[in-house]
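# Chain and residue survey
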Amino acid sequence: MKAVSCSNARLEVVDLPTPTPAKGQLLLDVLACGICGSDLHARRHCDDVADIMAETGYDGFMRSDQQVVFGHEFCGEVLDHGPRTRKAPRAGTRVVAVPLVRSGNDVHAVGLSQWAPGGYAEQMLVEQSLALPVPNGLSSQAAALTEPMAVAWHAVRRSEVRKRDVAIVIGCGPIGLAVVCMLKARGLRTVIAADFSPGRRALATRCGADVVVDPAQDSPYAAAAGHGHLEAAPDALGLAVSTVEKLYKARLPWWHLWRAAEAVGAASPKRPVIFECVGVPGVIDGIITGAPLYSRVVVAGVCMDHDAIRPAMGINKEIDLRFVFGYTPMEFRDTLHMIAEGKVDVSPLITGTVGLGGVAAAFDTLADPAQHAKILIDPKSPLQEVS
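Throughout what follows, the structure given in this document is the object of discussion. (Residues numbered from 1 in each chain as written. Predicted model: local features only at pLDDT ≥ 70, side-chain atom pairs only at ≥ 80, totals over all residues. Heavy atoms only, no water.)

### Some points on the overall build of the protein
- When helices and strands are tallied, the protein shows eleven helices and 17 strands.
- For 387 residues, the compact-globule formula gives about 21 Å, and the C-alpha radius of gyration of the protein, at 23 Å, lands near that figure.
- For the protein, buried positions account for 49% of its 387 residues.
- In the protein, which carries 37 positive and 41 negative side-chain charges, the distance between the mean positions of the two groups comes to 10 Å. (Helix = DSSP H or I, 4+ residues; strand = E, 2+ residues; numbered from the N terminus. Rg over C-alpha atoms; globule rule 2.2 N^0.38 Å. Buried < 20%, exposed > 50% of the residue type's maximum accessible area, 1.4 Å probe, protein only. Lys, Arg positive; Asp, Glu negative; His and termini not counted. Charge placed at Lys NZ, Arg CZ, Asp CG, Glu CD.)

### A look at the nonpolar core
- Met149, Leu183 and Phe275 are the most contacted members of the largest nonpolar core, which totals 51 residues.
- Counting residues per element, the ones that place at least two in this core are α2 (140-143), α3 (146-159), β10 (166-170), α4 (174-185), β11 (190-194), α5 (198-206), β13 (273-276) and α10 (329-340).
- If we ignore the near neighbours within four places in the chain, the residues touching Phe275 are Ala155, Val156, Ser159, Ala167, Ile168, Val169, Ile170, Val179, Leu183 and Val298.
- One finds Leu26, Ala50, Met62 and Val110 within the second-largest nonpolar core, a separate group that totals 42 residues. (Core = buried A, V, L, I, M, F, W, Y, C linked by side-chain atoms within 4.5 Å. Contact = heavy atoms within 4.5 Å.)

### Here we look at α3
- Between its first and last C-alpha atoms α3 spans 20 Å; for 14 residues at 1.5 Å apiece the expected length is 20 Å, and the two agree.
- Of all 14 residues that make up α3, eleven are buried, and the element is covered over most of its length.
- Within α3 the residues assigned to the buried category are Thr146, Glu147, Pro148, Met149, Ala150, Ala152, Trp153, His154, Ala155, Val156 and Ser159. (Expected span 1.5 Å × (residues − 1).)

### Some details on the packing of α3 against α4
- Where α3 contacts α4, the two axes come as close as 8 Å, and the packing angle between them is 60°. Relative to α4, the element α3 is oriented oblique. The way α3 lies across α4 gives a crossing that is right-handed. Residues Pro148, Met149, Val151, Ala152, Trp153 and Val156 of α3 touch α4, and the partners they reach there are Ile175, Ala178, Val179, Cys181, Met182 and Leu183. (Axes fitted to C-alpha atoms, helices over the stretch in contact; angles between N-to-C directions. Parallel < 35°, antiparallel > 145°, perpendicular 65-115°, else oblique. Left-handed = near helix turned anticlockwise from the far one by under 90°.)

### Quick notes on the side chain of Arg200
- As for its position among the elements, Arg200 is in helix α5.
- Notably, Arg200 is buried but unbridged: the nearest opposite-charge side chain belongs to Asp195, and the N-O separation is 4.5 Å.
- Setting aside residues no more than four positions away along its own chain, Arg200 makes contact with Cys172, Gly173, Pro174, Leu177, Asp195, Pro369 and His372. (Salt bridge = Lys/Arg side-chain N within 4 Å of Asp/Glu carboxyl O.)

### Quick word on the packing of helix α6 (residues 233-248) against helix α7 (residues 254-263)
- Contact geometry of α6 with α7 gives a least axis separation of 9 Å together with a crossing angle of 115°. Taken as axis vectors, α6 and α7 run roughly perpendicular relative to one another. Once α6 is placed against α7, the crossing between them reads as right-handed. Facing α6, whose interface residues are Thr243, Val244, Leu247 and Tyr248, α7 presents Trp254, Leu257 and Trp258.

### Some points on unusual backbone geometry
- With an omega of -10°, the peptide bond between Ala88 and Pro89 qualifies as cis.
- Position of Pro89 among the secondary structure elements: in the loop between β4 (73-81) and β5 (94-97).
- The residue Ala9 is not glycine, and still its phi comes out positive at about 70°.
- We classify Ala9 as buried; its relative accessible area is 16%.
- Even without glycine at this site, Glu318 takes up a positive phi of about 50°.
- With respect to the secondary-structure elements, Glu318 resides in the loop between α9 (311-317) and β15 (320-323).
- Overall, Glu318 belongs to the exposed group, its relative accessible area being 53%.

### Re the packing of aromatic side chains
- Taken as a whole, this structure holds six aromatic pairs when the rule is applied.
- Where Phe70 meets Phe363, the ring centres are 6.3 Å apart and the plane angle is 10°; that geometry is what we call stacked. Within this pair, whereas Phe70 is found in the loop between α1 (37-55) and β4, its partner Phe363 is found in helix α11 (residues 359-366), the two being separated by 293 residues in sequence. Taken as a pair, Phe70 and Phe363 share a single burial class, namely buried.
- When the centroid spacing of 5.7 Å and the interplanar angle of 35° are considered together, the rings of Tyr327 and Phe332 count as tilted.
- Among the aromatic residues, those joined into a cluster by ring pairs are Phe70, Tyr120 and Phe363. (Phe/Tyr/Trp six-rings, centres within 6.5 Å; stacked < 30°, edge-to-face > 60°.)

### Here we look at a positive patch on the surface
- Residues Lys163, Arg164, Arg189 and Lys270 make up a contiguous surface patch of positive charge.
- Residue placement: Lys163 occurs in the loop between α3 and β10.
- Take Lys163: its relative accessible area is 53%, and that puts it in the exposed class. (Patch = residues over 30% accessible without salt bridge, like charges linked within 9 Å, V, L, I, M, F, W, Y side chains within 5 Å. Areas by Shrake-Rupley, 256 points an atom, 1.4 Å probe, with all protein chains shown as cover.)

### What to know about the sheet that holds β10
- Taken in spatial order, the six strands line up as β12-β11-β10-β13-β14-β15 in an open sheet, and their pairing is parallel. The sheet is open, and its two edges are formed by β12 (211-213) and β15, each paired on a single side. Across the sheet, the mean angle separating the axes of adjacent strands is 20° when strand polarity is ignored.
- Here four bridges tie β13 to strand β14 (residues 296-299), and the two strands are oriented parallel to one another. Bridging across to β14, Ile274 finds its partner in Val297.
- Contacting β10, β11 and β13, α4 crosses the sheet at an angle of about 165° to β10. (Pairing = 2+ DSSP bridges.)

### Here we look at the pattern of salt bridges
- Tallied over the entire structure, the rule returns 16 salt bridges.
- Of the charged contacts in the structure, one is a salt bridge between Asp165 and Arg162, with a shortest N-O distance of 3.1 Å.
- For Asp165, a relative accessible area of 7% translates into the label buried.
- Among the ionic pairs, Arg310 bridges to Asp285, the shortest N-O distance being 3.8 Å. You can see Arg310 sitting in the loop between β14 and α9 and its partner Asp285 sitting in helix α8 (residues 283-290), a full 25 residues away along the chain.
- The class of Asp285 is buried, set by a relative accessible area of 16%.

This is the structure:
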C-alpha cells in the first residue's frame, strides 16, 4: 500500500505492506485524514516531545530517526476483522476511532509512534472497541474532524465555563476555531476570538464568535468590558470593603450573610474564561498580565519551547491556570454525534484537500497561518497541491 512516512523530518511517499489486523482490531480503508498541528510539531520536534513523554512514563513516542506514518484524525471504511474478532462493525461500514492501538502489552498513540501507523496511508489498523460507526450519513470529511473537535470539547468541559460567562479565545488556528465552535454549542452567549490573521478572524466569525479582535489593534480583554470583571487590584480591595459595609448596614452579623451568598455562588467576582490556543513562548505570561482579576486560563496550545511566567503576577491577580490534553472516549463519542446531529458545524475549518503525493507541500503551506485551517488528505486523490 501507499503511505507517507516521516523520518528525520523528511516526508515521502513509500510502499509499505498492508497491515494485518490482530485479534480485536479492524483494518480500515482510509477515506479522509486531517493534518494536525501535532503532526507539524512532531516532524521537527519529536525528540523533544519524546523526552517529555518518557518523563511521564510513556517511551513509545516517535523519534526523529524512526520511520513513522502520521495521521490520528481519520475516517475509514472497515475492510477486515482480526482473527477471533466479532464481525462488527460489518465490512463496508464507515467508522472513526479513538487513535490508540494495542501492540503486545503496550498501548500506542496512532500516527505518533512507529508501532502505530496512522492515516497518512491507504489502509490502517484501529481497535474494534474504540471504533464508532459514522451516523446520520455524515460525510467522511466531516467525520475525520471528530478527533480535533473532541480535543476542543475536552478543553471546554475542563474549563467549567458557564453559559453566562464571557469566553475569550486567544489564537484562531484549528484548535482555537474548534474551541469557538464548541463554546457556541455549549450555549455561550459571548465568545470573543483574537488572532493577528484577518483570514482566521473571518473563520472565527463563521464558527460563531460574537466578537473578533485584531490584537495588534485592540485588546481582547477590553472587548470584554462591561461584564462586571475586576480589572485592577484596587477594584478588588474596594469591592471587599464596600461589600462588608453594605452587609454591616443590615444590622446582622455580616459573615452569616456572606456565607449564605457563597452557598448560592453569589459571593465570587465575575471572571472571564480564557483559552490559550497559540502555543508560542510568552503568550501565557501575556494573558496573565492582561487578563482581568480571577480569570480562568485554559492552556490548549502546545508550546514546544521553554517558557517563563511571573508567578507573583498570577498570585496577585489570583489567576486560575489549567492545562488540558486529549479527551476521554466518551467525549470522543459525544463529539461525533454533536457533529452528525448538526449541533456543531465543522465545515468552516476544512479549507483544503490533497493526495498522498502532496502531503509534503501541504505541510509547507500550513507554515503560513493565513492560508489554511485544516487540510484533509484523501489517499485516493492524485492531487499534488492543496485545492
